[in-house]
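# An overview of the molecular structure
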Amino acid sequence: MLKKIFKNDYMFALFARVLCIVLGFVYTILLSRYLGASLRGEYSIAQNYATIIATLLGFGICQAYPFFKKGLNDKEDKKNLYLNIVKNIMGLLIIYSIVCVLIAIVLPLNMRVKTILLILPTVFLYKQINYILLIENPRICNLTEIILAFFDVIIVVLLMIFTKANLLFCFGFLFIDKLLYALLPARNLRINFFKEKPKIDENLKKYVKYGFLPMLTSFLMTFNHKVDIVMLSFFNNVTTAEIGVYSLGVMLAEKVWMLPDTLTNILQSKLANGKKENEVAKISRISFTVTFLTLILVVIFGKPLISFAYGSEFSGAYRITLIILLGVLGMVFYKVVYAYNIVIGKKRINFILLLISVLINIILNLIFIKIFGVIGAGYASLISFVSCGAIFLVNFTKSTNTKIKDMILIRKEDITLLKSLVKKNKKI
């Protein structure tokens with residue numbers, strides 16, 4: 001059985017995702033136990049700021065790579081393109097590292113801001129290199145994710161054994177963790193930081209020109225998921241401990257989201273190979289059903305499990321998880337339609353619809369956090385996610401004459417398909 005899984009790219013991707021989810025839960029339990037609610041809040045704030053900013057600093061270079069590679073047939077030309085993009089990424093990395101370190105040293109900033117500056121270059125490198133690794137070798141990329149998940153668990157265990165949590169160890173762990181996340185994918189791409197000469201050349205302009213809109217879209221996707229925690233840090237009526245509890249609830253909902261997200265990745269591959277709108281509807285139905293069933297399980301078992309695993313300090317994360325998961329039900333449609341629009345070339349539609357969703361999210365956060373505190377951010381995300389899913393769903397059904405029920409209600413043949421995937425190891 002394991003041999004079949006490792007031979008099949010789709011099955012290995014699912015296997016890797018499930019294993020990463022399991023390791024992710026173990027990691028978050030240990031991290032939450034080690035840091036406590038307040039330090040976890042600091043950890044989440046710094047991490048989310050760095051992730052959002054790093055997305056902008058990439059300028060869409062990595063998104064341009066598959067487009068330019070697709071137009072090349074000669075093996076040597078592909079190698080030169082790969083090396084050129086990597087060298088330009090390394091050139092930017094050096095510039096960002098110097099600027100961030102200088103700002104952190106010269107300006108009288110607090111430890112949170114200095115940590116964000118210091119981890120920013122590593123987050124930038126990870127986002128760029130990991131995307132290229134995914135294009136070059138999806139199997140190695142999935143294996144890398146598993147190894148990094150193991151590293152997360154091991155490092156936290158060592159911290160729990162040998163140290164007592166404080167702000168310095170919290171931010172120190174964040175820096176080491178992001179450094180590992182940047183270096184391992186680079187190692188798997190066989191990037192020699194001492195041999196390859198970093199540079200910024202004239203090719204960077206064409207990479208940015210193509211990748212800028214996909215980068216903005218990627219930024220909106222990231223911002224839509226991270227904006228709530230970032231905005232919570234602006235309000236005096238919310239403590240870092242409350243942000244820590246909230247961030248755990250968001251993270252648990254995101255872990256649930258990873259399984260239907262895997263099906264969406266498979267969908268994009270199928271669409272690129274000629275599948276049509278009915279494939280989008282099929283994956284939408286399956287993803288919606290899987291997410292809905294998971295929501296039911298969380299409703300039944302989530303509260304005692306969260307309290308047992310994370311401690312009573314994080315029991316409030318149960319309510320946040322339920323609220324965000326309700327929103328994730330809507331985001332299922334966004335995911336599948338977004339993948340469809342990418343394949344057929346509707347990049348601008350994706351950007352516009354995502355922009356609407358982000359604006360709704362920001363406005364509602366500004367209103368709800370002031371009134372309801374941390375739970376208001378959850379309500380803002382819920383409404384924003386449902387709105388996002390709804391506008392993507394309506395756009396798709398109108399443009400393709402697909403019925404809404406075909407996107408939601410699972411069919412008998414869908415269940416048969418899932419059974420065949422598990423029992424016979426067939427591709428979707």
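Residues numbered from 1 in each chain as written. Predicted model: local features only at pLDDT ≥ 70, side-chain atom pairs only at ≥ 80, totals over all residues. Heavy atoms only, no water.

What follows covers the overall build of the protein chain. When helices and strands are counted, the protein chain shows 15 helices and 0 strands. Of the contacts formed within the protein chain by residues at least 6 apart in sequence, a portion of 83% connects residues at least 24 apart. For the protein chain, the accessible area works out to roughly 20300 Å², and carbon and sulfur atoms hold 67% of it. (Helix = DSSP H or I, 4+ residues; strand = E, 2+ residues; numbered from the N terminus. Contact = heavy atoms within 4.5 Å. Areas by Shrake-Rupley, 256 points an atom, 1.4 Å probe, with all protein chains shown as cover.)

Averaged over all residues, the pLDDT of the protein chain equals 84, while 89% of them reach at least 70. For the stretch residues 424-428, pLDDT sits under 50, and the model shows 18 contacts to residues farther than four places along the chain or on other chains. (pLDDT = per-residue confidence, 0-100.)

Time to look at helix H5 (residues 111-136). Since the α-helix advances by 3.6 residues per turn, residues separated by three or four positions end up pointing in the same direction. Helix length check: H5, at 26 residues, gives a terminal C-alpha distance of 38 Å against a target of 38 Å (1.5 Å per residue), a fit within 8%. Helix geometry: H5 is bent most strongly at Ile119, by close to 35 degrees, with proline Pro121 lying one to four residues after it. Put simply, Asn110 is the residue that caps the front of H5, since its side-chain oxygen is 3.2 Å from the backbone nitrogen of Arg112. (Expected span 1.5 Å × (residues − 1). Bend = angle between axes of the 7 residues up to and from the residue. Polar contact = N/O pair within 3.5 Å; in protein donor to acceptor, adjacent residues only side chain to side chain.)

Applying the stated criterion to the full structure yields 13 aromatic pairs. Between Tyr334 and Tyr338 the ring centres are 5.8 Å apart and the planes differ by 55 degrees, which places this aromatic pair in the tilted class. Taken together, the residues span about one helical turn, with Tyr334 and Tyr338 both in helix H11 (residues 317-344) at a distance of 4 residues. We note that Tyr334, like Tyr338, is buried. Three or more aromatic residues joined by ring pairs make a cluster, and in this case those are Tyr27, Tyr43 and Phe173. The cationic tip of Lys178 hangs over the ring face of Tyr181; the distance from NZ or CZ to the ring centre is 5.5 Å. (Phe/Tyr/Trp six-rings, centres within 6.5 Å; stacked < 30°, edge-to-face > 60°. Buried < 20%, exposed > 50% of the residue type's maximum accessible area, 1.4 Å probe, protein only. Lys NZ or Arg CZ within 6 Å of the ring centre and 35° of its normal.)

Right, let's talk about the pattern of salt bridges for a bit. As enumerated under the stated definition, the model contains 4 salt bridges in all. Taking the shortest distance from any N to any O, the salt bridge between Glu42 and Arg112 comes out at 3.0 Å. Of this pair, Glu42 sits in helix H2 (residues 9-57) while Arg112 is found in helix H5, placing the two residues 70 residues apart along the sequence. Between Lys199 and Asp201 there is a salt bridge; the shortest N-O distance is 3.4 Å. Residue Asp201 is classed as buried on the basis of its relative accessible area, which comes to 17%. (Salt bridge = Lys/Arg side-chain N within 4 Å of Asp/Glu carboxyl O.)

Turning our eyes to something else, we now look at the nonpolar core. Side chains of a nonpolar character, in soluble globular proteins, are inclined to be buried together. Residues Tyr246 and Met407 are the most contacted members of the largest nonpolar core, which totals 65 residues. For this core, the elements supplying multiple residues, two or more each, are H2, helix H8 (203-232), helix H9 (240-272), helix H10 (277-310), H11, helix H12 (347-372) and helix H13 (374-400). Per-element accounting of this core gives the leading share, 17 residues, to H11. Once residues lying within four places of it in the same chain are set aside, the contact partners of Met407 are Val280, Ala281, Ser284, Arg285, Phe333, Val336, Val337, Leu393, Phe396, Thr397 and Thr402. One finds Met90, Ala104, Leu148 and Phe171 within the second-largest nonpolar core, a separate group that totals 54 residues. (Core = buried A, V, L, I, M, F, W, Y, C linked by side-chain atoms within 4.5 Å.)

Right, let's talk about empty space enclosed by the protein for a bit. Tallied over the entire structure, the rule returns 1 cavity of 30 Å³ or more. There is about 50 Å³ of room inside the largest cavity. Of all the secondary structure elements, the ones that give two or more residues to the lining of the largest cavity are H8, H9 and H13. Tallying contributions element by element places H9 first for the lining of the largest cavity, with 3 residues. Residue composition of the lining of the largest cavity, by class: 4 nonpolar, 2 polar and 2 charged. (1 Å grid on protein atoms, 1.4 Å probe; cavity = no way out; pocket = protein on both sides within 12 Å on 5 of 7 lines; lining within 4 Å. Points joined across faces, edges and corners; volume = space filled by probe spheres on them. Nonpolar A, V, L, I, M, F, W, Y, C, P; charged D, E, K, R; others polar.)

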